[in-house]
Amino acid sequence: MKNKPISNTLLQAVKHLNANDWISGDHMGQQLGISRAAVWKLITLLKNYGIKIDSHKAKGYRMTSPLYLLEEEKIREALTINQENLHFELFESMPSTNDYLMQKSTFDSNPTVCACELQEMGKGRLGRTWQSPFGQNIYLSYLWTFQQDFSALMGLSLVVGISVLKALEGIGLKDLKIKWPNDVYCHAKKIAGVLIEIRAESNSATRVVIGTGLNVNMLEAEEINQNWTSCQAELGNPVDRNELISLYLNELTTSLAKFEKEGLTVFMDEWDQFDFLKGQQIVLENQKQLYHGQVMGINESGALLLNTGETVRPFNAGDTSIQKRS
Ligand code: BT5
């Protein structure tokens, strides 16, 4: 598996398919400056990626719903943050955007965004898989350097969750919640997940890779073993991922800077408002042990407070699920 950059020819081919009802292979070839055989290869590639394209002997090709591929220029257009030192790396396919930034050998302390159309080995937490089909969702990792050591960064995943949620609110989604520590839910179905990995710690600076998987236009998926949703499923129309990435980067960058300066305390009210678990009877799994209790919220370092009946106990990590009433 290799990291494959987005090819400009593929980008242009998709634009021609979007702009036309039917388009012949000849015409598309002329527009792109490639042979008919090369057009056929591109169409086959898109079909292999799962994109629905009709073929007709006389009429040519037709895409059944529009597809907007990732474009750095479009993302930059809608950024309101300082983007002078912001670096982008966009790929057609790769194993995992988090792995890429974790393994990249050269980088400076400027923030880097890596995003792709398809992840072949998208990662969740604890060895789980993140379903990452071509062209439909956001798979994005953000390399960010904090001038603090990691112990000061407890609660980071909560701040990231709040940023995802606000970006989604920005495009009109309703009934959004965050399930501690890192899942964003819409109408009680998972719409996004966050995976944070620590790249390096030195001289009290910490470099982190913040990975976000956000379902945008996905309407079908066979292998997700929990309730899930996507922006298109909620809104009823496709969403341009470039615009949503800009919104998210605006929220996230502002929040990371605020978190670094003021800590989690300034996010407590927002967390309280978005907390999916507060007041619920849950089961928390931590290091293969199960704990039952009622969620009392979080403390000022982002730990989940669980009232087990005997005591209120803080948990810094774990998997949570709401206990079904019998
Ligand atoms: C997460 O893990 O929710 C973190 C997911 C982070 C993915 C991003 S994509 C960019 C970056 N690069 C990577 O390689 N990863 C990050 P966890 O809490 O372990 O949730 C995983 C569980 O969510 C799975 O076991 C499924 O039940 C469910 N799931 C998998 N794919 C999903 C999807 N696309 N939408 C909703 N739920 C999904």
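Check the entry above for the structure.
Description of the structure in this document. (Residues numbered from 1 in each chain as written. Predicted model: local features only at pLDDT ≥ 70, side-chain atom pairs only at ≥ 80, totals over all residues. Heavy atoms only, no water.)

**Here we look at the site of the ligand**
Looking at the ligand, there are 29 residues lining it, with S96, K123, R128, N215 and N225 nearest. Taking T97, its side chain carries an N or O atom lying 3.1 Å from a nitrogen atom of the ligand. When contributions to the shell around the ligand are tallied by element, the ones reaching two or more residues are helix 5 (97-103), strand 6 (138-146), strand 9 (189-202) and strand 10 (205-214). Considering every element that reaches the shell around the ligand, the biggest residue donor is strand 9, with four residues. Taken together, the residues of the shell around the ligand sort by class into seven nonpolar, 17 polar and five charged. (Near = heavy atom within 4 Å. Polar contact = N/O pair within 3.5 Å; in protein donor to acceptor, adjacent residues only side chain to side chain. Helix = DSSP H or I, 4+ residues; strand = E, 2+ residues; numbered from the N terminus. Nonpolar A, V, L, I, M, F, W, Y, C, P; charged D, E, K, R; others polar.)

**Quick word on the packing of helix 1 (residues 8-19) against helix 3 (residues 36-48)**
Running from N to C, helix 1 and helix 3 point in directions that differ by 85°, and their axes come no closer than 11 Å. Taken together, the axes of helix 1 and helix 3 are roughly perpendicular relative to one another. For the pair formed by helix 1 and helix 3, the contact residues are T9, L10, A13, V14 and L17 on the first element and L42, I43, L45 and L46 on the second. (Axes fitted to C-alpha atoms, helices over the stretch in contact; angles between N-to-C directions. Parallel < 35°, antiparallel > 145°, perpendicular 65-115°, else oblique. Contact = heavy atoms within 4.5 Å.)

**Describing helix 2 (residues 25-32)**
The set of residues buried in helix 2 consists of G25, M28, G29 and L32. Here the buried residues of helix 2 occupy an arc of 100° about the axis, which is enough to place them on one side. Buried residues in helix 2 make contact with helix 1, helix 3 and strand 3 (60-63). (Buried < 20%, exposed > 50% of the residue type's maximum accessible area, 1.4 Å probe, protein only. Arc of directions from axis to C-beta.)

**Digging into the packing of aromatic side chains**
Counted according to the given criterion, the structure contains eight aromatic pairs. With 5.7 Å between their ring centres and 45° between their planes, Y142 and W144 make a pair best called tilted. For the residue pair Y142 and W144, the accessibility class agrees, reading buried in each case. Here the aromatic rings of Y291 and F315 are separated by 4.8 Å at their centres, their planes lie at 55°, and the arrangement is tilted. Taken together, the residues Y291 in strand 12 (residues 289-298) and F315 in strand 14 (residues 312-315) connect sequence positions 24 residues apart. (Phe/Tyr/Trp six-rings, centres within 6.5 Å; stacked < 30°, edge-to-face > 60°.)

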